[in-house]
Amino acid sequence: MLSSRNKQAFSMSAIASSTAAVAPNQRHAQAPVAASVTHVEMANAIRALAMDAVEQAKSGHPGMPMGMADVATVLFSRFLKFDPADPAWPDRDRFVLSAGHGSMLIYALLYLTGYASMTLEEIKRFRQFGSKTPGHPENFITPGVETTTGPLGQGLANAVGMAIAERHLAAVFGDIVDHKTYVIASDGDLMEGISQEAIALAGHLKLNKLVVLFDDNGISIDGALSLSDSVDQLKRFEAAGWTASRIDGHDPAAIAAALEKAQGADRPVLIACKTTIGYGAPTKAGKSSAHGSPLGGDEIKGARAALGWSHAPFQVPDDIVADWRNAGERSKAVHAEWSKRLAALDGAQRAEFERRMKGDLPTHALADAMLKVKQALDASPKDIATRSASEFALEALVPAVPEMIGGSADLTGSNNTRTKSMKAISAADFAGRFIHYGIREHAMASAMNGMALHGGIIPYSGTFLVFSDYCRPAIRLAALMGLRVIHVMTHDSIGLGEDGPTHQPVEHLAALRAIPNLLVFRPADAVETAECWQLALEAKDRPSVLALTRQNLPQLRNRLDTDNICAAGAYEIAGPDGPSEVSIFATGSEVSIAVEAAQLLAQRGIAARVVSVPCFELFLEQPDLVRAAIIGDARVRIGVEAAVRQGWDAIIGSDGVFVGMTDFGASAPYKELYQRYGITAEGVAAAALKGLG
Ligand SMILES: Cc1ncc(C[n+]2csc(CCOP(=O)(O)OP(=O)(O)O)c2C)c(N)n1
Ligand SMILES: [Mg+2]
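Residues numbered from 1 in each chain as written. Chains lettered and ligands numbered in written order. Predicted model: local features only at pLDDT ≥ 70, side-chain atom pairs only at ≥ 80, totals over all residues. Heavy atoms only, no water.

Trainee: I tried to follow the overall build of the protein chain on my own but got confused; where do I start?
Mentor: Secondary structure summary: the protein chain contains 28 helices and 18 strands in total. Its C-alpha atoms give the protein chain a radius of gyration of 28 Å, within 12% of the compact-globule value 26 Å for 693 residues. Along the first, second and third principal axes, the C-alpha atoms of the protein chain reach 90 × 55 × 45 Å. Expressed as a percentage of the 693 residues in the protein chain, the buried residues total 61%. Long-range pairs, those at least 24 residues apart, make up 78% of the contacts in the protein chain with a sequence separation of at least 6. Within the structure as shown, the protein chain displays about 24600 Å² of accessible surface, and the carbon and sulfur contribution to it stands at 52%. Each charge class in the protein chain was averaged separately, 64 positive and 76 negative side chains, and the resulting centres sit 3 Å apart. (Helix = DSSP H or I, 4+ residues; strand = E, 2+ residues; numbered from the N terminus. Rg over C-alpha atoms; globule rule 2.2 N^0.38 Å. Buried < 20%, exposed > 50% of the residue type's maximum accessible area, 1.4 Å probe, protein only. Contact = heavy atoms within 4.5 Å. Areas by Shrake-Rupley, 256 points an atom, 1.4 Å probe, with all protein chains shown as cover. Lys, Arg positive; Asp, Glu negative; His and termini not counted. Charge placed at Lys NZ, Arg CZ, Asp CG, Glu CD.)

Dropping the structure here:
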């Protein structure tokens, strides 16, 4: 099945001369390694490792790595700026394997180019517990893997965020930030809806250092792509403001020429690489049967013969490994030059760059900003919506924490995420700190992951809480990866009123709380909002959601606490001096209702305390004794939240009383809705009386 051209042994120098007419791009283009082995041999090393590892694991996806081996070989041996000795080099090109099922492609590349942690032993342990070679690439497991991929489309949108981060940091720090973001994306990546949002945003922002290599193999799991798709991808990308071309993805000269051309692009670049899935496999190449299962002994034997690869499983001849290692050394000089440029930077600027890339907060500035906010709220309390309280906090936090990049999915005025001084990021000026993501929640959340992964940026965004569903796959990955991204999600209950049940979140808090490693904050007033912002910023290894109200709320915290009282996740906000018969636990807008209910109960001689629970996760992480003290020993426990009960039993127990929602809400003024659903001080007091019997 191999064409004679593809069988032909291309020497690296032959490729170099075939593209010599293209002007090398100053700092990026590095001379091809003086190689003794052929391109085909280098690519076949990837193919062989992929089929052998999948075979040994008895599971995995050999087709994609075998199909994209030529593209990856040209990229990694001639274009990608990277240093296996320093996987965290801030100015490395980012390589994103969006088609994460092809994980053996990147594992083979990491091994061959010389990442110390990727040994042949790890390749042999593909997909085994505790290996560096999990089923899909996980950036927190494997050095050299930039992001965790597998859910199709995410990697592509992550890459858009990385490319935005690069442009922004270059605008702030100059030429110590100057790298590309390369993506390998499959048919599935481009079919997912998120890809449309991502490519539209990338095209709009003219992210000219973003290059997508599309594995244009016309095959997905069900069979030929023609079963389900007839999009002209070139036209689609061009319509979004990209430059797009199609090449033979098995022709190294064509691949090199397309990548060379991409170096000087003035907009994002799509290179559709026509490939054969499972390239080399005698009966399965070009078929979906090569996609996601071991090829089998006979097929592998046939593939070895067709590819001219006579070596034993997992064996790559020394000269081929040596040439791959040379490819891994290619950027050493560029790396050294970069280190010199960094060292030559003004000391303060260098320290600032290093601080940001490490993800350390400007501790003093942040503490000063927090104090300023708390003093202002103490001096003149604000009975405002928590979305406005968030804006008030941001006015102090954004200048203090310059790595914060805000945004909104077209709800800027409703989410209150843009402070007065913030300029918008645009294609013409990336120095701004606010992103108009457009109505693209999913790509927004995923691009934020990419920014956080890039480093140097703490992204925060805005949309309505009900649309957290549109962000959820990306939020889940942020939690899995442990990324500091902060989602401001306003209009957090029936308290938004007239927009009605389509916009009133009911199950969303519970659904978000179900995601491990995600902090879901629901502050009760302006002071709690500031404290929750601080906690979200300080949560270096996890994402946060701030659920904020549309409606105004009274300021309940009227004492200046310099400590962050929300840090324990829950605390008694009101209560009698002595023991209580009733404990009322509430979050956000329902805390003031709970406080009123306690007052009603006090009038009837019943002692009730109120516990504000701004963050379930932080509360449930407290030591047993702390948790027990906050929960207390009142006879009746009541939970109040304008949302479903799910999750609340962890606090009130299965015998606790819950005042909240069981249905979707309705379109009406919010005060009337609270009345009709019984989420009122009277309702809570009545529930307490009933509980007391
Ligand atoms: C969001 C999402 N849906 C479904 C899947 C399961 N899945 C993995 S690969 C794939 C499609 C395979 O086609 P393609 O992307 O073209 O990859 P190829 O077979 O060409 O390697 C699917 C549906 C997934 N990983 N992510
Ligand atoms: Mg495909």
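Trainee: Would you mind going over the pattern of salt bridges with me for this structure?
Mentor: Opposite charge on two side chains permits pairing when their charged atoms draw close. All told, the structure shown has 33 salt bridges when counted by the stated rule. Among the salt bridges present, the one from Arg-645 reaches Asp-649, with a minimum N-O distance of 2.7 Å. Judged by its relative accessible area of 26%, Arg-645 falls in the partly exposed class. (Salt bridge = Lys/Arg side-chain N within 4 Å of Asp/Glu carboxyl O.)

Trainee: Would you mind going over the packing of aromatic side chains with me for this structure?
Mentor: By convention here, two paired aromatic rings are described through the distance between centres and the angle between planes. This structure, assessed with the given rule, holds 14 aromatic pairs. Taken together, a centroid distance of 5.2 Å and an interplanar angle of 70° make the contact between Phe-173 and Phe-353 edge-to-face. Of the two residues, Phe-173 is situated in helix α7 (residues 154–173) and Phe-353 in helix α15 (residues 347–358); the sequence distance between them amounts to 180 residues. Take Phe-173 and Phe-353: they sit in the same class, and that class is buried. Their ring planes at 85° and their centres at 5.3 Å tell us that Tyr-460 and Trp-533 sit as a pair that is edge-to-face. Residue Tyr-460 is found in strand β10 (residues 458–464), and its partner Trp-533 is found in helix α22 (residues 526–538); the two are separated by 73 residues along the sequence. Of the two residues, Tyr-460 and Trp-533, both sit in the buried class. Of the aromatic side chains, those joined through ring pairs into one cluster are Phe-76, Phe-82, Phe-95 and Tyr-115. (Phe/Tyr/Trp six-rings, centres within 6.5 Å; stacked < 30°, edge-to-face > 60°.)

Trainee: Looking at this structure, how should I read the site of ligand 1?
Mentor: With respect to spatial proximity, 15 residues lie near ligand 1, and among them His-101, Ser-186, Gly-188, Asn-217 and His-291 are the closest. Taking Asn-217, its side chain carries an N or O atom lying 2.6 Å from an oxygen atom of ligand 1. Residue His-291 places a side-chain N or O atom 2.6 Å away from an oxygen atom belonging to ligand 1. Burial of ligand 1 by the surrounding chains reaches 73%, relative to a free accessible area of 570 Å². (Near = heavy atom within 4 Å. Polar contact = N/O pair within 3.5 Å; in protein donor to acceptor, adjacent residues only side chain to side chain.)

Trainee: What is the right way to look at the coordination of the magnesium ion (ligand 2) in this model?
Mentor: Each donor-metal-donor angle in an ideal tetrahedron of four donors is 109.5 degrees, and each such angle in an ideal octahedron of six donors is either 90 or 180 degrees. The protein atoms donating to the magnesium ion (ligand 2) are Asp-187 (OD), Asn-217 (OD1) and Ile-219 (O), with metal-donor distances spanning 2.1 to 2.2 Å. Read from N- to C-terminus, the donor residues coordinating the magnesium ion (ligand 2) fall into the pattern D-x29-N-x1-I. Here the residue Asp-187 occupies a position in helix α8 (residues 187–191), and Ile-219 occupies one in strand β4 (residues 219–220), the gap between them amounting to 32 residues. Accessibility classification places Asp-187 together with Ile-219 in one group, the buried group. (Donors = N, O, S within 2.8 Å, 3.2 Å for Na, K, Ca; no water.)

Trainee: How should the sheet that holds strand β14 (residues 571–574) be read in this particular structure?
Mentor: In sheet architecture, strand pairing relies on hydrogen bonds along the backbone and comes in two forms, parallel and antiparallel. Reading across the sheet, the five strands line up as β14-β16-β15-β17-β18 and stay open at both edges, with mixed pairing between neighbours. The open sheet has two edge strands, β14 and β18 (657–659), and neither has a second partner. Averaged over neighbouring strand pairs, the angle between their axes works out to 30° when direction is ignored. Note: strand β15 (residues 582–586) against strand β16 (residues 608–612), five bridges, orientation parallel. Within β16, the residue paired with Ala-586 across the bridge is Ser-612. Packed onto the sheet, helix α25 (residues 624–631) meets β14, β15, β16 and β17 (636–640) and runs at close to 130° relative to β16. (Pairing = 2+ DSSP bridges. Axes fitted to C-alpha atoms, helices over the stretch in contact; angles between N-to-C directions.)

Trainee: Can you help me understand α7 in this one?
Mentor: For an α-helix, 3.6 residues make a turn, and residues three or four places apart therefore share a direction. The first and last C-alpha atoms of α7 sit 28 Å apart over 20 residues, in line with the 28 Å expected at 1.5 Å per residue. Within α7, 17 of the 20 residues are buried, leaving the element largely enclosed by the surrounding structure. After α7 finishes, the residue Gly-174 shows a positive phi value of roughly 80°. (Expected span 1.5 Å × (residues − 1).)

Trainee: Looking at this structure, how should I read the pairing of β10?
Mentor: Remember that side chains alternate between the two faces of the sheet whenever the strand is regular. Burial runs high along β10: seven of the seven residues are buried. Bridge analysis of strand β8 (residues 404–408) against β10 gives two bridges, and the strand direction is parallel. Counted as the bridge partner of Ile-405 is Pro-459 from β10. Where β10 lies against strand β11 (residues 486–490), five bridges are found, and the strand directions are parallel. The residue bridging Phe-464 from the neighbouring strand is Thr-490, located in β11. Considered for its hand, the β-α-β crossover made up of β10, helix α20 (residues 468–481) and β11 is right-handed. (Right-handed = clockwise from strand over helix to strand, strands pointing away.)

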